[in-house]
Amino acid sequence: VLEDRPWHQHGARNLGAHEATGPWLLLTDIDHVVSAESLAAILVLLEHADSRTAYTFYRVDAPHGLPTRNERGELKPHVNTFLLAKAHFWAVGGYDEDFVGYGTDSYFRGRLKAAGRMRHLETIAIERVPRTVIPDASSHAPGVDPRVLRNRGRRPLENQRTLARKRRHGLGPTVLDFPWEAVAL
């Protein structure tokens, strides 16, 4: 990526989906780990998975392995972790890069919900690893500007204005709006 944009995870996810050669994507955050057991279960799921469904998984917190639960005690999926077909990712428009910043991934999730089915799997876990376990596996690592975390990207009112403007003009998500080049491996 030839232009540094702080908290540009939406661009990173779009570029990853663009460059992916397989038909399925597993999207998760830097502080999550997929265990060998969960990966094996995902591979079994792929044998009969619906390409128009976005699958979510419950989250456990390392190192104790305690699941994250909602206020009703139900296993809670992570808001930004999905297994979905690459074609479905692009059918809903990918992540909107107009919303660079922390906490704006809910816009993609909302479009996924509106576009089709979401299925929460309570049999497959994704593990969140705190920086006390792996120092660089956290968005709160040294070098992250604390003002970005505090402001969570754009202010909610500005986000709503941007969404309203895009809807009014019939505009979809902004994707791959940054320069990059492929490098030889």
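Every value quoted in this text rests on a predicted model; they were computed, and no experiment measured them.

Draft legend 1. Structural context of helix α2 (residues 36–46). Every buried residue belonging to α2 is among S38, I42 and L45, and all of these are buried. Around the axis of α2, the buried residues are gathered within 55° of arc, so they sit on the same side. Summarising the geometry of α2, the exposed residues directed more than 90 degrees from the buried face are A36, E37 and L43. In this fold, the buried residues of α2 make contact with β1 (24–27), β3 (53–61), β5 (82–85) and β6 (117–128).

Draft legend 2. Fine view of the side chain of H32. Mapped onto the fold, H32 is located in strand β2 (residues 32–33). H32 sits in the buried class, given a relative accessible area of 8%. At 3.2 Å, the side chain of H32 and the side chain of T28 are in polar contact. Excluding anything up to four places from it in sequence, H32 contacts R59, H78, T81, I126, E127 and R128.

Draft legend 3. Quick peek at the environment of D105. Structurally, the position occupied by D105 is in the loop between α3 (86–91) and α4 (106–115). Every residue in contact with D105, bar those within four places of it in the chain, is listed here: Q9, H10, V79, N80 and Y95. Within the structure, D105 has its side chain in polar contact with the side chain of N80 (distance 3.1 Å).

Draft legend 4. Inspection of the pairing of β3 at higher detail. In terms of burial, β3 is a largely internal element, nine of the nine residues being buried. Sheet analysis places β3 next to β6, joined by nine bridges and oriented parallel. Across the sheet, residue A54 finds its bridge partner in β6, namely M118. Of the strand pairs in this sheet, β3 and strand β4 (residues 66–67) are connected by two bridges, and their pairing is antiparallel. Paired with V60 across the strands is P67, a residue of β4. Connecting β3 to the antiparallel partner β4 that follows it, the hairpin turn spans four residues, and G65 within it adopts a positive phi of roughly 80°.

Draft legend 5. Representation of the pattern of salt bridges in the model. This model, assessed by the stated rule, comprises eight salt bridges. Among the ionic pairs, R52 bridges to D50, the shortest N-O distance being 3.8 Å. Linking E74 and R72 is a salt bridge whose minimum nitrogen-to-oxygen distance equals 3.0 Å. Under the relative-accessibility criterion, E74 is labelled partly exposed at 37%. A network of salt bridges, in which partner residues are shared, links D50, R52 and R117.

Conventions and cut-offs
- Residues numbered from 1 in each chain as written.
- Predicted model: local features only at pLDDT ≥ 70, side-chain atom pairs only at ≥ 80, totals over all residues.
- Heavy atoms only, no water.
- Buried < 20%, exposed > 50% of the residue type's maximum accessible area, 1.4 Å probe, protein only.
- Helix = DSSP H or I, 4+ residues; strand = E, 2+ residues; numbered from the N terminus.
- Arc of directions from axis to C-beta.
- Contact = heavy atoms within 4.5 Å.
- Polar contact = N/O pair within 3.5 Å; in protein donor to acceptor, adjacent residues only side chain to side chain.
- Pairing = 2+ DSSP bridges.
- Salt bridge = Lys/Arg side-chain N within 4 Å of Asp/Glu carboxyl O.

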